[in-house]
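# Notes for the structure review
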Amino acid sequence: MNSNPANKPSEIVLHAQLEISDALSQDTQEHLEELQEDLAYLSQSLEQAQTRFAKVLAENRRLKGFLLEMVKDCSCQEGSRCPQCQRILGTLNHFGI
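Keep in mind the model is a prediction, meaning the values are calculated, not measured.

Here we come to the nonpolar core. If you look at the biggest cluster of nonpolar residues, it comprises five residues: Val71, Cys76, Cys85, Ile88 and Leu92. No other element matches the three residues that helix H2 (residues 83-94) contributes to this core. Those residues in contact with Cys85 that sit more than four places away from it in its chain are Val71, Cys74 and Cys76.

See below:
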């Protein structure tokens, strides 16, 4: 086998470049796996927040409906509301109902 000493340094450089490339590829793979784990955690957290927010919205609707029903069932009349109904309607109006 005929070996050319002039090719030796370029082979060494090539091997070094391949090792560096493999190490970078491995690091990139690990970073992508970590990112995937982070995104899965964020997704789970977002789902939990959405579930809690939906419960809060449902409770708010229920409470607003209850307050409106209290005003409706009161013996006072529209245009001449009692102080309690005025407070209820003022509060509901303040929150954009």
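For the rest of this paragraph, the subject is a negative patch on the surface. Residues Asp27, Glu30, Glu33, Glu34, Glu37 and Asp38 make up a contiguous surface patch of negative charge. Here Asp27 lies in helix H1 (residues 7-73).

The end-to-end C-alpha separation of H2 is 16 Å, in line with the 16 Å expected for 12 residues at 1.5 Å each. Every buried residue of H2 is listed here: Cys85, Ile88 and Leu92. The buried side chains of H2 occupy one side of the element, clustering within an arc of 60° when seen end-on. Exposed residues pointing more than 90 degrees away from the buried face of H2 are listed as Pro83, Arg87, Asn93 and His94.

Calculation notes
- All residue numbers refer to positions counted from 1 along the written sequence of the respective chain.
- pLDDT decides what is reported in this predicted model: residues at 70 or higher carry local features, side-chain atom pairs at 80 or more are listed and counted, and totals for whole chains, interfaces and linings draw on all residues regardless.
- Excluding hydrogens and water, the side-chain values take into account all heavy atoms of the structure.
- Among buried residues, the Ala, Val, Leu, Ile, Met, Phe, Trp, Tyr and Cys ones that are joined through side-chain atoms within 4.5 Å form a nonpolar core.
- Any residue under 20% of the maximum accessible area for its type is buried, any over 50% is exposed, and the rest in between are partly exposed; the area is computed with a 1.4 Å probe on protein chains only.
- The helix count covers DSSP runs of H or I at least four residues long, the strand count covers runs of E at least two residues long, and both are numbered beginning at the N terminus.
- Whether two residues are in contact is decided by their heavy atoms, any of which lying within 4.5 Å being enough.
- Here a patch means residues that are over 30% exposed by relative accessible area and free of salt bridges, tied together within 9 Å if like-charged and within 5 Å if nonpolar (Val, Leu, Ile, Met, Phe, Trp, Tyr).
- To measure how exposed things are, a 1.4 Å probe is used in the Shrake-Rupley method; for residues, cover is taken only from the protein chains shown.
- Counted as salt bridges are all cases of a side-chain nitrogen of Lys or Arg within 4 Å of a carboxyl oxygen of Asp or Glu.
- In summary, the charge assignment counts Lys and Arg as positive and Asp and Glu as negative, without counting His or the chain termini.
- A charged residue contributes its charge at one atom only: NZ of Lys, CZ of Arg, CG of Asp or CD of Glu.
- A helix's residues, less one, multiplied by 1.5 Å, set its expected span.
- It is the directions from the helix axis to the C-beta atoms that the arc portrays.

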